[in-house]
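Chains, contacts and geometry: an overview
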Amino acid sequence: MSNPRIDSIVVYIDTSVSLAADTPDGQGAAKAIIAPGTPNANPTAPNAAAIQSAMGGAYPYTVVANVRVGAGVSTLSQSNITDVRDLVVLDGARAASFRAKLSAAFNVATSTFTKVPFDTITTSATDNILSAYDTTNRRFVAPRTGWYNFSFFLLSATAYANSYRHIATFYVNGSEAKRVFDSPSGGGTNQANVGGSCLIRLAKGDYVEAWMWHNVGTTQSYGSTSDVNAHFEGSFLKAA
């Protein structure tokens, strides 16, 4: 052989193989072949017709690797092999999830809906899988269409003698979508607990933010740098 060639390693289902009627995986058998390429000064991998010829039929197949075989060689090295397998991500495998907290307490003016500036990912390496939470814009951006679960929690910095109305809500793409808490909180010298959780169906690229509101009458401070007193978290559940 005076020129190199590229062979393809192919895995396919030979549907001509008959199996027992009670076989749970159905008819056909998985097989593997090497589909040889054509020697050429600038070789290319076998096309579909060449692969079908090597299989002996138009069977379903996938190419898992291409192997460059040099002219006159009898051994190969790893550098001659190109992995061309497709990555398949199953539901729940490497699904997006995050847990964020505040870098500092923040203020909310009375009777004004305000986005909670969760701007810091908590310390665990798994607290922003797929990097779907944007700490600059303080929002989660859906990497795929599906159902997601979200929750957030805030504790007021002040203990109130009276009970005041507080609202916790989720915004999707800049508009209120899911109100999860709307009730008096605080009172009796207790701090206000604000938060809730919900399921939201998102299209790829949709974004979710945590917002809140109160009617204490003056600007109030909420949260702290501790994720015990202030956190926003979410995760992918299933494809829609």
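You'll find the structure just up there.
Quick summary incoming for the structure in this document. All values derive from a computational prediction rather than experimental measurement.

Details of the nonpolar core
In this structure, F118, F140, F150, L154 and F232 are the most contacted members of the largest nonpolar core, which totals 34 residues. Counting residues per element, the ones that place at least two in this core are β5 (97-101), β6 (106-108), β12 (146-160), β13 (163-172), β15 (190-202), β16 (207-214) and β18 (230-238). Look past the residues within four positions of F140 in its chain and what remains in contact with it is A96, F98, A132, Y133, Y148, F150, L202, D206, Y207 and V208. Listed in part, the eight residues of the second largest apolar core include I33, I51, Y59 and V63.

Examining a nonpolar patch on the surface
A grouping of W147, L199 and L237 is seen on the molecular surface, where their side chains present a nonpolar patch of about 280 Å² in accessible area. When you line up the elements, L237 lands in strand β18. Of the residues examined, L237 reaches a relative accessible area of 44% and is grouped as partly exposed.

Some points on helix α1 (residues 48-55)
In this structure N47 caps α1, since a side-chain oxygen of it lies 3.3 Å from the backbone nitrogen of A49. Trailing α1 by a residue or two, G56 shows a phi angle of about 85 degrees, which is positive.

Considering the side chain of D7
Relative to the assigned elements, D7 resides in strand β1 (residues 5-14). Classification of D7 as buried rests on a relative accessible area of 6%. Within the structure, the side chain of D7 is placed 2.8 Å from the side chain of R5, a separation counted as a polar contact. A distance of 2.8 Å separates the side chain of D7 from the backbone nitrogen of G37, its partner in a polar contact. Those residues in contact with D7, other than ones at most four positions away along the chain, are I34, A35, P36, G37, P46, A65, N66, V67 and V69.

Section: the pattern of salt bridges
For the structure shown, the criterion picks out eleven salt bridges. D14 serves as the salt-bridge partner of K31, at 2.7 Å between the closest nitrogen and oxygen. In this pair, K31 sits in strand β2 (residues 29-35) while D14 sits in strand β1, placing the two residues 17 residues apart along the sequence. Taking relative accessible area as the criterion, D14 reaches 6% and is therefore assigned buried. The partner of D182 in a salt bridge is R165, with the nearest N and O atoms 2.7 Å apart. With D182 in strand β14 (residues 175-186) and R165 in strand β13, this pair connects stretches of sequence that are 17 residues apart.

What to know about the pairing of β12
Strand direction decides the pairing type here: β12 and β15, joined by twelve bridges, are antiparallel. In the sheet register, A159 faces β15, and the bridge partner there is Q191.

Let's talk about the packing of aromatic side chains
Summed over all chains, the structure comprises 21 aromatic pairs. Look at Y148 and F150: their rings are 6.2 Å apart centre to centre, the planes differ by 20 degrees, and that puts the pair in the stacked class. One aromatic cluster is present, built from ring pairs that chain together F98, F118, Y133, F140, Y148, F150, F152, F170, F232 and F236. Of note, R139 hangs over the ring of Y207, and the distance from its end group to the ring centre comes to 3.8 Å.

Considerations on the sheet that holds strand β3 (residues 61-69)
Taken together, four strands build an open sheet; the order of strands is β2-β1-β3-β4 and the sheet is antiparallel. Each edge of the open sheet is held by one strand with a lone partner, namely β2 and β4 (81-83). Each strand of the sheet is rotated relative to its neighbour by a mean of 20 degrees, with strand direction disregarded. As defined by bridge partners, β1 adjoins β2 across seven bridges and the pair is classed as antiparallel. For I13, the partnering residue across the bridge sits in β2 and is A30.

Focus on the environment of T219
On the secondary structure map, T219 appears in the loop between β16 and β17 (220-222). Discounting residues that sit within four places of it in the chain, T219 has contacts with N107, V108, A109 and T110.

Notes on unusual backbone geometry
Positive phi, normally seen in glycine, also occurs at R138, with a value near 55 degrees. Looking at the secondary structure, you find R138 in the loop between β10 (133-134) and β11 (139-141). The phi dihedral of N173 falls on the positive side, at around 55 degrees, and the residue is not glycine.

Analysis parameters
Residues numbered from 1 in each chain as written. Predicted model: local features only at pLDDT ≥ 70, side-chain atom pairs only at ≥ 80, totals over all residues. Heavy atoms only, no water. Core = buried A, V, L, I, M, F, W, Y, C linked by side-chain atoms within 4.5 Å. Buried < 20%, exposed > 50% of the residue type's maximum accessible area, 1.4 Å probe, protein only. Helix = DSSP H or I, 4+ residues; strand = E, 2+ residues; numbered from the N terminus. Contact = heavy atoms within 4.5 Å. Patch = residues over 30% accessible without salt bridge, like charges linked within 9 Å, V, L, I, M, F, W, Y side chains within 5 Å. Areas by Shrake-Rupley, 256 points an atom, 1.4 Å probe, with all protein chains shown as cover. Salt bridge = Lys/Arg side-chain N within 4 Å of Asp/Glu carboxyl O. Polar contact = N/O pair within 3.5 Å; in protein donor to acceptor, adjacent residues only side chain to side chain. Pairing = 2+ DSSP bridges. Phe/Tyr/Trp six-rings, centres within 6.5 Å; stacked < 30°, edge-to-face > 60°. Lys NZ or Arg CZ within 6 Å of the ring centre and 35° of its normal. Axes fitted to C-alpha atoms, helices over the stretch in contact; angles between N-to-C directions.

Coordinates in, geometry out; function isn't part of it.
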